[in-house]
Amino acid sequence: MPLNVNRPAYRYATAAILACLAPGSKLAGQTPCSAEAAALIGSAWQAYRADSIETADERFARADGLCRRNLDAKVGLGYTALRQGRLRAADSVFRIVTGADSTNADGWDGLSVTAYRRGDRQTALRAAQRALKLNPGNQDVRDLLLKLDPDWERAPRGAPIRPSALAVPARTRGDHFEVPDGSGWSRFFIKGVNMGVALPGKFPSEFPTDSTLYAGWLDTIATMGANSLRVYTILPATFYRAVRGWNLTHPNRALWLIHGVWTELPPGDDFDNREWKAQFRAEMRRVVDLLHGAASIPVRPGHAGGRYDADVSRWTLAYIIGREWEPFAVKAFDAKHRGTSAYRGRFLEVARGGAMDLWMAAQCDYLLGYEMDTWNAIRPIAYTNWPTLDPLSHITESNKDEERAWRKKAGRVIPGEELEYENDAISLDAMVVRSTAKNPAGWFASFHAYPYYPDFMVLDPDYNRARSSEGLSTYFGYLKELVRHHAGIPLVIAEYGVPSSRGMAHWQPQGWHHGGHDEMDQAHIDARLTREIRESGAAGGIIFAWIDEWFKKNWIVVDYEIPLENTRQWHNLMDAEQNYGILGMYAGEDGRTPVPGGEVSQWLALPVLQRNRDAAVAAPVALGVGWDESYVYLAVELEGMKDRPIRWDSAGLRIALDTYRRDRGQHQLPGGIVSSDIGFEFLADFRSPDDAQLLITPDYNQYAGANAIVNGDDYGAFARRPVTITSRDDGRLDSLFVITNRARFGRDGSFFPSMGYNRGRLRFGTAQASSLSDWYYDQTAGLLELRLPWALLNVSDPSTGTLLFEEKPPGGIGTAQSDGFRIGVYAYGKANGGGIIGALPALNRDGRWSADEFETWTWPTWDAPHWHQRLKPVYDSLAAVWDNGKD
């Protein structure tokens, strides 16, 4: 919270002087001080108000030396220490003041701000409450209290009273859910939305606390036709108040909650770790109590807290506890507890199963027992599962030992540690769990299932023959087998969908990849997946996710997003995980961000980096450069080309980018027609609207590239590698090819080759035609428009100006601080061996760029991103599938 630097000054400057000058007078029981000290305190506050903090500090110190027992100078010293960032000193001074005089409002005020900045939220909350009690009109303290605990003013409820009648707000019957309809029970198909709520610039635990924001979201989601919301963890109390408010005022469009209980892996993969399990169960109790509107949760780092007084239990359909467990952890736990095969609980039982099956049943049983004993209520429950731990067997998915054996037999290289889990080595099976006679609510299975991963989803021969009513679908084949296995209980697909990202992380045969979709593709695919979930016989689906969350990370890019905690500050279009949202979160200010084929004035308004006064027709004469939290924008003006098309059959255009160390990089550009004192890391080559790509100097490539694939095998090219820049004159520039699906052997020895794609292909077109358009030529203005994602240029964190670079690769991945970009442009002819039409900056007589001719482009860093939001087309496609709320 920014400190209002003047807030104590006006009160104390006058009060201190009067207290010190009046003979025998005291201020709040203090010892009066001399006239000299009083004058120093008054002049110190004047300096403080004028932002002369060092002067103020020196005068407060002199006054304190003259009058040790008077607190006025100490208050001033505390605030000057706070302004100078000396938090420990400020904390010590304010504790002295409040200890000597418990009625000193400014002392408590200062202590609250100091504690907040030091991360001591409990002390900050206590001090702020005390400060406000002493000075109820202090709005700054009120604002701080809202940050610390949005519910600090709400009166706590009394002790919970257990209702006499059993509440069963929902139940399972066979393969579906049922809810009360006034006269009995009616079938309920889940049409849900997963509620990730981290806004751009925020950590995942920095939840919005504005109830009007949640109320607006609920209105929009319900209007789309959804009937359910899935919540992974405890959200602020304002969210539950918004849910209750919406459901009370819209009973025919109520949104049911499916609530999670979140936890991380236990220490040493020991799920019986006493302290860890106790914390997990404590979180269960908190979730149950808050849903009944009777929880007071202390503010804890990384968690929502406050007073939860909105009873939403009547609209809570079910629980899905836990998270996607890593196979190695389940495998280790099962191995440690061999011999344990049965569990008998009050509400759930397992006749025979693995240790982790029993453990999950026991945790679910504990939650049901707590809600029954405390609130006389029960509802369906499940645990989170995913294909990596599914109970099915997949012939195309070998474990590590099987993979190595087949590679050895085939004489192929045995790679090192693959960057994925063993996806068919261990399982969790909800079918070994049964409800007891005491459980009228029932049990179900919950799966996160996407169409593109694991590889067995796209390789299994039976899945590749599967057809839904809409055609061939490996995803439908998997869903049908999953539903068959879980016959007799509901199966919920609790996560599904595809992201509208430029980057792709995994290939899928129907084109339903992990990324690489524009927003219209996302809309069509998500709608089809939604229909196929229903056709498969599942009990419902919960789309992932409500908003784009910038903090997310994905295996194919995560090692290159450095520092990792700063991914929230910028939008990585190459990271599929950041782009699943129905409500898109976009960089920059709405309506002011240039887009290919959009308002040409926004491109022409980009600051000009380079300009030529004399140039041939079709030659570049000006280069404008801009940025936002997603892209670098380049606008190239071509001389004499207004209202004229580019003759791509006879000419091309190239943009060379030096992103770090002008002395390193490629000094000889392709074709041998341009050389440069400056070395370039990247070259955008525009040969035609159908043939344009970004190339990279080989040693600066994040991935091994297409050359790493030999006879379909990637030979370890999946591994991460450091990136560096050497000085070279060989003219070589590589594609930005990346392997998305590694080469692998199936259990039966079948070999499946690597698959990948060229990340550097540049898509021509308007942003209106495709949200993934990279470039466009505006014929009317004679302007080439290009936007490049930061990550495509090896910028690891634009918010801090950090990019990838290793001086001497030690096997890790290093970074450096950007020294700015140098950018050159040239048009070239294609006929008769080609030649330079024109260049920006101009070439010398030897056809070489001189380093002195280049301007350096830099961008400012930031600690709070600019962003705007809008609904993506997937909103309308889902609304059509869900028929605006009609079942």
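Nothing here was measured: the structure is a model prediction, and the numbers come from that model.

Visitor: I'm lost on unusual backbone geometry in this one. Help?
Guide: Negative phi characterises most residues that are not glycine, and trans characterises most peptide bonds. Following Ile562, the chain continues into Pro563 via a peptide bond in cis, with omega recorded as -5°. If you trace the backbone, Pro563 turns up in the loop between β18 (540-543) and β19 (583-587). Pro841 follows Leu840 through a cis peptide bond whose omega is 0°. The topology assignment puts Pro841 in the loop between β39 (835-840) and β40 (848-849). Phi angles above zero are rare outside glycine, and Asp51 is one such case at about 65°. Summarising the element assignment, Asp51 is placed in the loop between α2 (35-49) and α3 (53-66). Within the chain, Arg661 stands out as a residue other than glycine whose phi angle is a positive 55°. Turning to its location among the elements, Arg661 is positioned in the loop between β23 (651-658) and β24 (665-668).

Visitor: Hey, could you run me through the packing of aromatic side chains in this one?
Guide: Two aromatic rings, taken as a pair, are described by how far apart their centres are and by the angle between their planes. Evaluation of the coordinates by the stated rule reveals 46 aromatic pairs. Taking the centre distance of 5.8 Å and the plane angle of 65° together, the rings of Tyr240 and Tyr308 count as edge-to-face. With a gap of 68 residues between them, Tyr240 in helix α10 (residues 237-249) and Tyr308 in strand β8 (residues 306-308) connect regions that are remote in the sequence. Judged by relative accessible area, which is 1%, Tyr240 ranks as buried. Joined through ring pairs, the aromatic side chains of Tyr214, Trp217, Phe239, Tyr240, Tyr308 and Trp546 make up one cluster. It is Arg83 that lies over the ring of Tyr48; its NZ or CZ is 5.6 Å from the centre. The ring of Phe203 has Arg568 lying over it, and the distance from NZ or CZ to the ring centre is 3.8 Å.

Conventions used here
Residues numbered from 1 in each chain as written. Predicted model: local features only at pLDDT ≥ 70, side-chain atom pairs only at ≥ 80, totals over all residues. Heavy atoms only, no water. Helix = DSSP H or I, 4+ residues; strand = E, 2+ residues; numbered from the N terminus. Phe/Tyr/Trp six-rings, centres within 6.5 Å; stacked < 30°, edge-to-face > 60°. Buried < 20%, exposed > 50% of the residue type's maximum accessible area, 1.4 Å probe, protein only. Lys NZ or Arg CZ within 6 Å of the ring centre and 35° of its normal.

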